[in-house]
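Read off the chains here:
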Amino acid sequence: MSAIALLGFLFFAGVDIAIAPDQPLPYVYMDDPVILELRSDRDMTADVDIRVQARHHDDPMDIRLEGLVLPAGGSYWATLDTFPEERGFYAAHVTVTGSEASAEKDLLFCRIDRPSGRDTLPVYARSDAWNRESLLALRNAGVRDIRINLALPDHASQMALAEALHFRVIPRVQATDPGGVEEAISLMTTVHQAYGNSIAWWKLACDDAPERVPKVAEALRRLGCTTPLTLVVRDVAHVPELLASNQIKYLDALVLLPNEAIVSGMKEIRRALATAGYERIPVYLDGAETPGDMRHEGPALVRNLFACMAAGADNMAFDSDLVYNGAVREALPYLAGLSRRINATRYVGRLPAGKGVTANVFREGARWLVAAWTENGRGTVSVPAEGTDDLLLTDALNNPLPLPAPAEGQLVLEVGPSPTLLTGAGGRIAGCAARMTALTLARDLAGDATLAEARPAYLTSLIVRTADLLEKEDLFQNGKQKAGSDLRPLLLDMLRVFPALEYRWQSGETPKIATLTLVAGLARLTRVLCIVEEARGEPFIEPLGDRLASCEEHQSLYLTSQTGDSPFAARGEQLLAEVRRLMEDARALAKAGRAIEAHGVAALAEWRARSLNALQEGAPLAPPPPEPVVEETPAAEPVPPPKPVEVLEPGQPAGTRKVIHTVSRGDNPSAIAKKYGVELTAFMKWNKLSRRSILSIGQQLKVYVKRENE
């Protein structure tokens, strides 16, 4: 048993001492008083001396209570009115000096915000020995997802306990050999039927044998289970094998086991996924311990969580012992504080800062968060303050800090190893961070020799010119400076390249892997440039609704043209998913008041949707087999088909006749209109079609063709 645990059980001379007796664990909510409980086995009068040491402060605080009357066998509650009103992890040494006896005790406890159902952290906790106390500690830390290992004999009781305390569960199931797949499916079936509503996602371990994934995925589908399926990848080197086997199409995310190279190699992992067209598949880390060791320190946990998010991790695991291991731990108040601040989880980029200072920017909609810290010692970071609103500066525990006065449009923040958090809305903070990210992306994309064969010269020129503009200091002048006004045309020109890139690899002109990697990189660059455009403040001319309607039209035309045997069907599904995601993004941004960025994202969605045309017109990657030679025989004179009967109708254009076209496989409105030489808009009006209309085989449509075309 640890020294801390021993101290928790000691009591001397008939006096027992506790803090927060009204709670199941020693934590005190900020809207509650700090209560000291004394229990004596005899009547006595006592003085109490308390030395409090906060882990986030160097100087201790002394509190003295005098003349307390303790009843025998009863409980005396004393309110510590002078206790500091700060969130944090505290150690208290309590000395009771009484008329009849004396006692001493060391206590550990936390002061935190009361949990809110809105608190969400992109983390989950793992343990092989869940109990009520550890789960209560996590709930107060703002953690809602936990992993339960189904290989443990008591997993059913752990699942029941987690459900009773309203946790979302991540069941980990193993199919470590071919014979174990059936056993895994049987176990997942039982768990799904009993606890389906509590399952966040499945965590499947196959010992890097991806060929077992389809069988598990198909079994879940037969159950009617729509819960996401993820796969544990033990080594980054196995990602290409997973892609080559094409089993990744059955998965909703990858879970990478922690090692020192994971975070630093996240860029290469994303690149590998992009080569197969998976631009947006989530990547989870099974340990936020990477990089570095943070098992003994709350601030290190927060730093590592932010570092993992910045590297591209969508979710992270941590060991529950960091929060509770028989006693509350220092990480509890830090996670609780973070859960109140981290409503902005999409990484944008870094603000310029001095050596040894990190200033990562995250955002969600119009709101942003700056997380700044140093590796050691103290440092400063300048944050652009112009146009910002609703600013709040806190430490990592969510304790408010004084906001410095702006100087020359900048807020100069002093930071240390424990992260300082600034949140707000508006301004150009997200734009400044996005500018730095876009500059790096542009330089990397233009200089990547492995993409040279797939990258057209005119695209390279566009990217280089964009990087040159991003380096200029006068970029954010609301279009008044030439540098700023030249960025928009470059962005729009880059967007127009997407369909050409898709066509080039589908027609065999460029290598598929290099081209898809280039497409993913260009998509990320242009998406980040949309954030820069919002900061520049130059509105788009086109209505947002028209952009989104165009996206719908291109998707509809693609879907109605599918024959079911296209060699590019899988790529079509990937593009459709990306277009839908971008359209949702654009609508959310417009609702949040970021109209310029919303228009930019809608334009990106439109040109990705236009890429679907390349799937309809693209040539096969390999030449088709030669047609068999058939000996020709004389044929009878063909009988011309009967001419369609002309039917005059109200609204029929003068000088035309009506033709009835029967929809066959592969038809779409654009192709039909082109076949008869009529305008698409007129054809759709004649047949009361909209951009969302879907044609069906056998459907009859009218076409008014000019008589001179007969």
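Residues numbered from 1 in each chain as written. Predicted model: local features only at pLDDT ≥ 70, side-chain atom pairs only at ≥ 80, totals over all residues. Heavy atoms only, no water.

Observations regarding the overall build of the protein
Within the protein, the regular secondary structure consists of 20 helices and 25 strands. Counting every position in the protein, which comprises 710 residues, the buried fraction comes to 52%. Within the protein, contacts between residues separated by at least 24 positions form 71% of all contacts whose residues are at least 6 apart in sequence. In the structure as shown, the protein presents an accessible area of about 32,700 Å², 52% of it carried by carbon and sulfur atoms. (Helix = DSSP H or I, 4+ residues; strand = E, 2+ residues; numbered from the N terminus. Buried < 20%, exposed > 50% of the residue type's maximum accessible area, 1.4 Å probe, protein only. Contact = heavy atoms within 4.5 Å. Areas by Shrake-Rupley, 256 points an atom, 1.4 Å probe, with all protein chains shown as cover.)

So, the nonpolar core
Leu138, Leu273 and Phe306 are the most contacted members of the largest nonpolar core, which totals 89 residues. Ignoring anything within four residues of it in the chain, the contact list for Leu273 reads Val239, Leu243, Ile248, Leu254, Tyr278, Ile281 and Val283. (Core = buried A, V, L, I, M, F, W, Y, C linked by side-chain atoms within 4.5 Å.)

Comments concerning the sheet that holds strand 7 (residues 88-98)
Whenever strands of a sheet pair, they do so through backbone hydrogen bonds, lying parallel or antiparallel. In space, the five strands of this open sheet follow the order 2-8-7-4-5, with mixed pairing throughout. The sheet is open, and its two borders are formed by strand 2 (27-29) and strand 5 (61-70), each paired with just one other strand. Along the sheet, successive strands turn relative to each other by an average axial angle of 30 degrees, direction set aside. Across three bridges, strand 2 lies against strand 8 (residues 102-112) in parallel orientation. Among the inter-strand pairings, Tyr29 is bridged to a residue of strand 8, identified as Ile112. Taken strand by strand, helix 9 (residues 331-341) contacts strand 7 and strand 8, and its axis lies near 25 degrees from that of strand 8. (Pairing = 2+ DSSP bridges. Axes fitted to C-alpha atoms, helices over the stretch in contact; angles between N-to-C directions.)

Topic: the side chain of Lys105
Considering the arrangement of structural elements, one finds Lys105 in strand 8. At a separation of 3.3 Å, a polar atom in the side chain of Lys105 contacts the side chain of Asp16. Side-chain polar atoms of Lys105 contact the backbone oxygen of Ile17, separated by 2.9 Å. (Polar contact = N/O pair within 3.5 Å; in protein donor to acceptor, adjacent residues only side chain to side chain.)

Quick look at unusual backbone geometry
Positioned with a positive phi, His166 is a non-glycine residue whose angle comes to about 65 degrees. For His166, the location among the structural elements is in the loop between helix 3 (155-164) and strand 11 (168-174). With relative accessibility at 66%, the residue His166 sits in the exposed group. Phi is positive for Asn398, which is not a glycine, with a value near 80 degrees.

Here we look at the sheet that holds strand 12 (residues 202-205)
Judged by pairing direction, the barrel is parallel, and its eight strands sit side by side in the order 9-10-11-12-13-14-15-16 before closing back on the first. Strand-to-strand twist of the sheet, defined as the mean angle between neighbouring strand axes without regard to direction, takes the value 25 degrees. By the bridge criterion, five bridges tie strand 10 (residues 145-149) to strand 11 in an arrangement that is parallel. Residue pairing across strands places Ile148 opposite Pro171, the latter belonging to strand 11. Most of the contacts of helix 7 (residues 266-275) go to strand 15 (residues 283-285), to which it runs at about 150 degrees, and overall it touches strand 14 (253-256) and strand 15.

Comments concerning the packing of helix 7 against helix 15 (residues 512-536)
At their nearest, the axes of helix 7 and helix 15 sit 7 Å apart, and the two run at 120 degrees to each other. The angle between helix 7 and helix 15 places the two elements in the oblique class. Read as a crossing pair, helix 7 and helix 15 show a hand that is right-handed. Contacts between helix 7 and helix 15 involve Arg271, Ala274 and Thr275 from the first element and Ile513, Leu516, Thr517 and Ala520 from the second. (Parallel < 35°, antiparallel > 145°, perpendicular 65-115°, else oblique. Left-handed = near helix turned anticlockwise from the far one by under 90°.)

Describing the pattern of salt bridges
Scanning the entire structure with this criterion turns up 43 salt bridges. A salt bridge links Glu37 to Arg39, with the nearest nitrogen and oxygen atoms 3.5 Å apart. Residue Glu37 is classed as buried on the basis of its relative accessible area of 11%. Across the salt bridge formed by Arg428 and Glu386, the nearest N and O atoms sit 4.0 Å from each other. One end of the pair, Arg428, is in the loop between strand 23 (420-426) and helix 10 (429-447); the other, Glu386, is in the loop between strand 20 (379-384) and strand 21 (388-395), with 42 residues separating them in the sequence. Among the residues examined, Arg428 registers a relative accessible area of 22% and is labelled partly exposed. One continuous salt-bridge network, built from bridges that share partners, spans Arg280, Arg346, Arg363, Glu364, Arg527, Glu578, Arg581, Asp585, Arg594 and Glu597. (Salt bridge = Lys/Arg side-chain N within 4 Å of Asp/Glu carboxyl O.)

Observations concerning the packing of helix 14 (residues 498-506) against helix 15
Between two packed helices, both the angle of their axes relative to each other and the distance between the axes serve to describe the pair. With their axes 9 Å apart at the nearest point, helix 14 and helix 15 run at an angle of 170 degrees to one another. What the angle tells us is that helix 14 and helix 15 run roughly antiparallel. Relative to helix 15, helix 14 is oriented so that their crossing is left-handed. Of the residues in helix 15, those touching helix 14 at Phe498, Leu501, Glu502 and Trp505 are Lys512, Thr515, Leu516, Leu518, Val519, Leu522, Ala523 and Thr526. Looking at side-chain class alone, the contact of helix 14 with helix 15 contains eight nonpolar, two polar and two charged residues. (Nonpolar A, V, L, I, M, F, W, Y, C, P; charged D, E, K, R; others polar.)

Things to note about helix 8 (residues 298-311)
Here helix 8 is 14 residues long and its end C-alpha atoms lie 20 Å apart, about the 20 Å a rise of 1.5 Å per residue gives. Counting buried residues in helix 8 gives eleven out of 14 residues, a clear majority hidden from the surface. Just downstream of helix 8 lies Gly312, where phi reads positive at about 115 degrees. (Expected span 1.5 Å × (residues − 1).)

Digging into the packing of aromatic side chains
Applying the stated rule across the entire model yields eleven aromatic pairs. Their ring planes at 35 degrees and their centres at 5.4 Å tell us that Phe306 and Phe362 sit as a pair that is tilted. Of the two residues, Phe306 is situated in helix 8 and Phe362 in strand 18 (residues 357-364); the sequence distance between them amounts to 56 residues. Given a relative accessible area of 0%, Phe306 falls into the buried group. (Phe/Tyr/Trp six-rings, centres within 6.5 Å; stacked < 30°, edge-to-face > 60°.)

Side note on the environment of Pro214
Within the secondary structure layout, Pro214 lies in helix 5 (residues 213-223). In this structure the C-alpha to C-alpha distance between Pro214 and Ile248, which are 34 residues apart in sequence, comes to 9.2 Å. Filtering out sequence-adjacent residues up to four positions away, Pro214 remains in contact with Gln247 and Tyr250.

With respect to the pairing of strand 23
Most of strand 23 sits inside the fold, with six of its seven residues counted as buried. Relative to strand 23, strand 21 runs antiparallel, the two being bridged by six bridges. Directly across from Asp395, in strand 23, lies its bridge partner Thr420.

As for the side chain of Glu534
For Glu534, the position within the fold is in helix 15. We note that Glu534 is buried and unpaired, the nearest opposite charge coming from Arg594 at a distance of 4.7 Å. The contact partners of Glu534, leaving out residues within four places of it in the chain, are Gly593, Arg594, Ala595, Ile596 and Glu597. (Lys, Arg positive; Asp, Glu negative; His and termini not counted.)

Focus on the confidence of the model for the protein
Atom-level detail of predicted coordinates should not be read off regions where pLDDT is low. Looking at the protein, pLDDT values average 85 and 87% of them are 70 or higher. The model gives residues 1-12 a pLDDT under 50, and that stretch makes 13 contacts with residues more than four places away or in other chains. Confidence drops under pLDDT 50 across residues 478-484; counting only partners more than four residues distant or on other chains, this segment forms 13 contacts. (pLDDT = per-residue confidence, 0-100.)

A short note on the pairing of strand 17 (residues 346-350)
Pairing of strand 17 with strand 18 involves four bridges; the strand directions are antiparallel. When the sheet's bridge partners are listed, Arg346 is paired in strand 18 with Arg363. Count of turn residues in the strand 17/strand 18 antiparallel hairpin: six residues, of which Gly356 carries a positive phi of about 85 degrees.

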